[in-house]
Each structure stands twice: as structure tokens, then as C-alpha cells.
Amino acid sequence: MSERQGSGEVQREWRECADRDDVVLLDGFHALKHALRFGAEVLAVVADEPGAVRELAAGLAPDVEPEVARLVRRAPLKELLPRAHPTGVAALAVRPGREAGRAALARTPRPAPIVLLDHPRNLGNVGAVVRLAAGFGATGVVTRGDLDPWHPNVVRAGAGLHYATTVDRMELEELPAGPVYALDPEGEDIRALTLPDDALLAFGSERHGISPELRARADHLVSLPMRPQVSSYNLATSVAMTLFHWGGPAAR
Ligand SMILES: C[S@@+](CC[C@H](N)C(=O)[O-])C[C@H]1O[C@@H](n2cnc3c(N)ncnc32)[C@H](O)[C@@H]1O
């Protein structure tokens, strides 16, 4: 998109881009900021008030301000999106090809665990897990099941941090090598364990927990301490505690 385009042309180009299969919506400033920081190919940025978005960038993320200023175009968000983000900006970026991601997940020695979500249902939970994985420097997040981990609501909940880690969906037989630590309230207390860097840390679905086939594949069943009569923690919260126990870059 060029700086001299009128709003009609910007809208037309946005719609053409949005129709592509390899493009994801970055809804709001924080998703755009992280995508730019972690090397996403951003194709289009639109805002009701480009000047306000440039000011936001200058105040909150001066490192990406020049890129935001170069890319942002004026267009009415309500014409392009079902719901405009409170920060008044949206962008489209290329979804990375699977080959590089799969190679990163398979690389050995693995410097940090992979988080495996077994048939998750809640898009917000999956986004929160991507954000945790990015923050702790996990190798990636792999999901099993129908949910697309690159769904726009997952990317929104992940604040664009899909670009800071690897995110993919896999079948059981495709999982990368490594010991599987399945998190389950019936398991061995995590406080007695050291989680290795090459672990696959597996978490069950919000409704049904760890599936029988993943339980059969697990090398260890691990529990998080919990008072009697409390049934379980939230999925993303469980991932947070487990990654914290593993260590992450801050502990190195
Ligand atoms: C909301 S819980 C699933 C609850 C489900 N009704 C069940 O029967 O397990 C989602 C996932 O978080 C993890 N989790 C939650 N609480 C846990 C705990 N105390 N210890 C270990 N993992 C836990 C497990 O991986 C679990 O499958």
C-alpha cells in the first residue's frame, strides 16, 4: 500500500490480502507491535486515525514506531472488521510456512520444552499459552485436535506472540521426539521433579483432561500442588506454573 492511496483503494487492497489463505489478522496495537518485533511480514496496517496510532507507537513501543509510521493507512475499521479493537488499529501479516516451524520443533538438542495441548477447546486459553511459551522461551506450542492455533481469536489472545515462538497443529504420530511429561492432578508432585529441556509438556483439554492415547504415550504423569476438594486449575494457569517450574530464560 502506498502513502497517497485513498481510503477506497486501501479498503480494496485490504480485502484482497485478507482473502489469502496464508494471512492472519493482527487485531490491535499489541499484536502488531509483537509481530513487527519478532519478524513477521506485515502486509497492511489500517487505522481510523493513523496519527493516533503513530503516537501510541511512539509512547509505548518506540522501537517499532518507524515501521508503524511507514505502514499505517487511513481506513474506516468498521467497514473492514466485525469489531474494531480499542487501540483503533488492525494489520494483516503472513502466516509462516510450516516447514521452518517443523524443523525448529524437531531440532536437537532442544534448548527448551515444547508445550503440547491435547484437544484444547478455548481459543483464549490457547492464546494465553502461546504468550506464556513466548515469554518463557519455550521451543513451541503444538496442539492436537480441531482447533486452529492460528485462529484470529487465538492470535488476539496471544498478543501477536505467535511470531516469537513456533505454533503448529499435529497428529500424535507426528510429535517431535522427547520425553512426554503429562500434567494431571493424579500424577507425581512436580516439586520432586526436574523438567528437562527436551521435554514435551502435555496438558489435557479443559473438559476431559489428558486423552487416553496421550496418557498411554506419556513417560511421566505430573501434578501441580492443589488443596483437596479443588478439582483442577485452568489450562493456561497450569502451563504457567509448569513453565515456571522448568525455569525459562530468566532463570538461566
Ligand atoms: C481444566 S484442566 C482439565 C480438567 C478436566 N475436567 C479433567 O478431568 O482433568 C486442564 C488441564 O490442566 C492441567 N491441570 C489442571 N490442574 C492440574 C493439576 N492440579 N495438576 C496437574 N495438571 C493440572 C491438566 O493437564 C489438565 O488436563
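The following paragraphs examine the structure supplied in this document. Note that the structure is predicted; figures quoted are calculated from it, not measured.

Topic: the site of the ligand
Moving on, step 1. If you check the shell around the ligand, you find 17 residues, and the closest are Leu-183, Gly-204, Arg-207, Leu-224 and Tyr-233.
Moving on, step 2. In this structure, a nitrogen atom belonging to the ligand sits 3.1 Å away from a main-chain N or O atom of Arg-207.
Moving on, step 3. At 2.9 Å from a nitrogen atom of the ligand is found a main-chain nitrogen or oxygen belonging to Leu-224.
Moving on, step 4. Isolated, the ligand exposes 560 Å² of accessible area, and the fraction of that covered by the protein chains is 84%.
Moving on, step 5. Given that more than half its atoms are within 2 Å of the pocket grid, the ligand belongs to the largest pocket.

What to know about the pairing of strand β8 (residues 180–189)
A regular strand places its side chains so that they alternate between the two faces of the sheet.
Moving on, step 1. As judged from the four bridges shared by β8 and strand β9 (residues 200–203), these two strands associate in the parallel manner. Paired with Ala-182 across the two strands is Ala-202, which belongs to β9.
Moving on, step 2. Pairing analysis gives five bridges linking β8 to strand β10 (residues 220–223), with the strands arranged parallel. Each bridged residue has a counterpart across the sheet, and for Ala-182 the counterpart in β10 is Leu-221.

Here we look at the sheet that holds strand β7 (residues 167–169)
Moving on, step 1. Strand order in this open sheet of six strands is β7-β6-β5-β9-β8-β10, and the pairing throughout is parallel. Strand pairing shows two members of the sheet lacking a second neighbour, β7 and β10, which therefore form its edges. With direction set aside, neighbouring strand axes in the sheet form an average angle of 35°.
Moving on, step 2. Two strands pair when backbone bridges link them, and strand β6 (residues 140–144) and β7 are joined in this way by three bridges, in the parallel orientation. The residue of β7 that forms the bridge with Val-142 is Asp-168.
Moving on, step 3. Those strands touched by helix α7 (residues 123–136) are β5 (114–118), β6 and β7, and its axis lies near 155° from that of β6.
Moving on, step 4. Where helix α10 (residues 235–246) meets the sheet, it contacts β5, β8 and β9, and its direction lies at approximately 155° from that of β9.

Each value, and the rule that gives it
Residues numbered from 1 in each chain as written. Predicted model: local features only at pLDDT ≥ 70, side-chain atom pairs only at ≥ 80, totals over all residues. Heavy atoms only, no water. Near = heavy atom within 4 Å. Polar contact = N/O pair within 3.5 Å; in protein donor to acceptor, adjacent residues only side chain to side chain. Areas by Shrake-Rupley, 256 points an atom, 1.4 Å probe, with all protein chains shown as cover. 1 Å grid on protein atoms, 1.4 Å probe; cavity = no way out; pocket = protein on both sides within 12 Å on 5 of 7 lines; lining within 4 Å. Sits in = over half its atoms within 2 Å of the grid points. Pairing = 2+ DSSP bridges. Helix = DSSP H or I, 4+ residues; strand = E, 2+ residues; numbered from the N terminus. Axes fitted to C-alpha atoms, helices over the stretch in contact; angles between N-to-C directions. Contact = heavy atoms within 4.5 Å.

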